Amino acid sequence: MPKKLQPPDKFKFMTERSIVREKYELTRWQSAQLRAKLPKGVYWLQIEQGGLIQWNWTLLQSYLLNGADCPNHRALVEEFVSTLPQAA
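Residues numbered from 1 in each chain as written. Predicted model: local features only at pLDDT ≥ 70, side-chain atom pairs only at ≥ 80, totals over all residues. Heavy atoms only, no water.

Q: I'm lost on the layout of surface pockets in this one. Help?
A: Rolling a probe over the atoms, with the probe sized like a water molecule, indicates the empty space that remains. The volume enclosed by the largest pocket comes to roughly 190 Å³. Every residue along the wall of the largest pocket is listed here: Thr 15, Glu 16, Arg 17, Val 20, Leu 26, Thr 27, Arg 28, Leu 52 and Ile 53. With three residues, helix H1 (residues 16–21) is the single largest residue contributor to the lining of the largest pocket. Taken together, the residues of the lining of the largest pocket break down into four nonpolar, two polar and three charged. (1 Å grid on protein atoms, 1.4 Å probe; cavity = no way out; pocket = protein on both sides within 12 Å on 5 of 7 lines; lining within 4 Å. Points joined across faces, edges and corners; volume = space filled by probe spheres on them. Helix = DSSP H or I, 4+ residues; strand = E, 2+ residues; numbered from the N terminus. Nonpolar A, V, L, I, M, F, W, Y, C, P; charged D, E, K, R; others polar.)

Q: Is there a simple way to explain the sheet that holds strand E1 (residues 13–15) in this structure?
A: Working definition: the strands of a sheet are paired by backbone hydrogen bonds and lie parallel or antiparallel to each other. Pairing in this open sheet of three strands is antiparallel, and the strands run E1-E3-E2 from one edge to the other. At either margin of the open sheet sits one strand with a lone partner, and together these are E1 and strand E2 (44–46). Strand-to-strand twist in this sheet, taken as the mean axis angle between neighbours without regard to direction, amounts to 30°. Note: E1 against strand E3 (residues 53–56), three bridges, orientation antiparallel. Within E3, the residue paired with Thr 15 across the bridge is Gln 54. (Pairing = 2+ DSSP bridges. Axes fitted to C-alpha atoms, helices over the stretch in contact; angles between N-to-C directions.)

Now the structure itself:
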């Protein structure tokens, strides 16, 4: 059986509740605005239809601190995307 590709440990996914526990305020409105801007599957995942949202905490922090146009942020996004399995 082929080994499932795992993203590096530095790309940690966290629920919104966990983010708030990390002392970062993320309101429902802010979350909705970010989800509208940022691509699903890279920055965030929705576990079930209408259900739990999990954020790629590493990419979210980088985006909020540096913005999408920062070369370091773009390199981090490319690094994460390279860990994702490719469609056949």
